[in-house]
Amino acid sequence: MPNIQFTDIHNSTASNKVIIEKAKKVLLGNKKNGFTLPTNNKLYPAQWNWDSGFIALGYSYFNIKYAFDEISTLLKGQWKDGMIPHILFHDLNTNYYPNHTVWNCGNKIHSSGITQPPILAIMLKKILDKKTIENSEVFKIKSMIKKIKKYHEWLIKYRDPKKTGLVSILHPWESGYDNSPLWDYSMKEIKIEKNLKYKRGDNKVINPEYRPLDDDYDRYVTIKNHLRKNKYNPKSLYDKSMFNVVDVGFNSIFLKANKDLLKLLKKFNFEHKNIQKFILKSENQITKLYNKKKGVFTNYDLKNKKEISVPSITNYFILFADLKNQFINKKIIKNLKKHNKEKRYLFSSIKPNYNKFEEKRYWRGPVWINCNWIIYQGLKNKDKKFADKIKETTINLIRKSGFYEYYSCKTGKAFGASNFSWTASLFLDLLLDKQQR
Ligand code: DGY
């Protein structure tokens, strides 16, 4: 573990003021009408689901209207059945692949046909916990909560039709950690569609060494085409989809989001029995993904009926879910301390001694600020000292290397998109959040 000098980051030193202004500038520089791009460098020219959640939290430190707008705009793209897409295409003239014509779906706003980690309830609760709610805001807030509830019910109904307490993702893009080695086994089982014709845009904007391989893209596109052929029908696709994985990270986020949603539902007097029931089941069932022998959480590939054990930092999102099982929590924290013990920068997305680890490639090794943030949130009521260390190293990494998409765990060098919105947002939260839960 790197040796960190502790400083009081809450004092408003001149240097803090400067970097806070820089973080705001990143967000405002990426801001469009009612939503914010993940970056200004044309890599992601649309609104992304979980990016928007993180972005809203950042805005809440200096412009509450922008924070609510970010969430409301995303909710405007909600499908009639409740699904909230992973991308909303507000601007139709971009070089992004796959664009709105390729997905060919959406309700009111052109969108992708899949979802992303459901962090909205978590972000909304965090934002509301920090402020006094004005009477004039109640209607808007209630309407957001209703829509988020409908989204959670969609996940429960269609992504856990067998009522196991755990939901599935049907495309690696739904995890947000697109090309993680977590998916390698399941992806290899997918036969690439014949005569695939498409043109990637991402590796023209960013060094291809930092992006997923063509072989990965061929499979992403194959799965996407199959979803489209099946009209994104959530009922049939759970069984038919080429990819169906129960991911620890996604389920941990969903469990935390359900717990936070439940608190919001109670606070605003909404019906909450279904959500409460699902939380109880999920809290119990998620521990079935715990491999006692190895002391780690593992994924389950439902399509191929296989346990997938890959040392991904996202397995530690379980801490964020706040399981009551203290025995498991302690074990997990002990292992987390060993995750990238010998490397300077916390946390590598994949354990550095794993044979699929890559220092620079997207989700195959680099440090991601949202992962550090999620783990910090999960740890601060369990191991305050370790949590503070994570907070400090994360803040210092951003100070040193800037607001980027991801970073080397060896050198701290930045990779991927510059002026990255969620990095700026979560930096603001880490620096300015004085609340203990
Ligand atoms: C991308 O385009 O790389 C996105 O992560 C897909 O959601």
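Residues numbered from 1 in each chain as written. Predicted model: local features only at pLDDT ≥ 70, side-chain atom pairs only at ≥ 80, totals over all residues. Heavy atoms only, no water.

Engineer: Just to check I follow, could you spell out the sheet that holds strand β8 (residues 299-301) for this structure?
Structural biologist: The strands making up a sheet are joined through hydrogen bonds of the backbone, oriented either antiparallel or parallel. Pairing within the open sheet is antiparallel, and its three strands lie in the order β5-β8-β9. Both edges of this open sheet fall to β5 (245-246) and β9 (306-308), since each of them pairs with a single strand only. Looking at chain direction, β5 and β8 are connected through two bridges and run antiparallel. When the bridges of β8 are listed, Val-246 appears paired with Tyr-300. (Pairing = 2+ DSSP bridges. Helix = DSSP H or I, 4+ residues; strand = E, 2+ residues; numbered from the N terminus.)

Engineer: Just to check I follow, could you spell out the site of the ligand for this structure?
Structural biologist: As a structural note, the neighbourhood of the ligand is formed by Tyr-44, Trp-48, His-86, Tyr-96, Trp-173, Asp-178, Arg-211, Tyr-217 and Tyr-362. Here an oxygen atom of the ligand sits 2.5 Å away from a polar atom, N or O, in the side chain of Asp-178. Residue Tyr-362 places a side-chain N or O atom 3.0 Å away from an oxygen atom belonging to the ligand. The fraction of the free accessible surface of the ligand (230 Å²) that becomes covered by protein chains is 96%. For the ligand, the cavity whose grid points lie within 2 Å of the majority of its atoms is the largest cavity. Across the shell around the ligand, the residue classes tally to six nonpolar, one polar and two charged. (Near = heavy atom within 4 Å. Polar contact = N/O pair within 3.5 Å; in protein donor to acceptor, adjacent residues only side chain to side chain. Areas by Shrake-Rupley, 256 points an atom, 1.4 Å probe, with all protein chains shown as cover. 1 Å grid on protein atoms, 1.4 Å probe; cavity = no way out; pocket = protein on both sides within 12 Å on 5 of 7 lines; lining within 4 Å. Sits in = over half its atoms within 2 Å of the grid points. Nonpolar A, V, L, I, M, F, W, Y, C, P; charged D, E, K, R; others polar.)

Engineer: Got a minute to help me understand the packing of aromatic side chains in this structure?
Structural biologist: To describe a pair of aromatic rings, one takes the distance between the centres and the angle between the planes. Counting across every chain of the model gives 36 aromatic pairs. An angle of 50° between the planes, with centres 4.7 Å apart, marks the rings of Tyr-210 and Phe-415 as tilted. In this pair, Tyr-210 sits in the loop between α8 (202-205) and α9 (214-229) while Phe-415 sits in strand β11 (residues 414-415), placing the two residues 205 residues apart along the sequence. On the numbers, 5.5 Å between centres and 85° between planes, the contact of Phe-403 with Phe-427 is edge-to-face. Note that Phe-403 is positioned in the loop between α15 (384-401) and β10 (406-407) and Phe-427 in helix α16 (residues 421-432), a separation of 24 residues in sequence. Note on accessibility: Phe-403 and Phe-427 belong to one class, buried. Over the ring of Tyr-66 we find Lys-31; its NZ or CZ atom is 4.3 Å from the centre of that ring. (Phe/Tyr/Trp six-rings, centres within 6.5 Å; stacked < 30°, edge-to-face > 60°. Buried < 20%, exposed > 50% of the residue type's maximum accessible area, 1.4 Å probe, protein only. Lys NZ or Arg CZ within 6 Å of the ring centre and 35° of its normal.)

Engineer: Is there a simple way to explain the pattern of salt bridges in this structure?
Structural biologist: For side chains bearing opposite charge, pairing can occur when the charged atoms are close. A complete count under the given rule lists 24 salt bridges for this structure. A salt bridge links Asp-215 to Lys-188; its shortest N-O distance comes to 3.7 Å. On the criterion of sequence distance, the pair formed by Asp-215 in helix α9 and Lys-188 in helix α7 (residues 184-188) is long-range, its members being 27 residues apart. Taking the shortest distance from any N to any O, the salt bridge between Asp-202 and Arg-211 comes out at 2.8 Å. What makes Arg-211 buried here is its relative accessible area of 2%. (Salt bridge = Lys/Arg side-chain N within 4 Å of Asp/Glu carboxyl O.)

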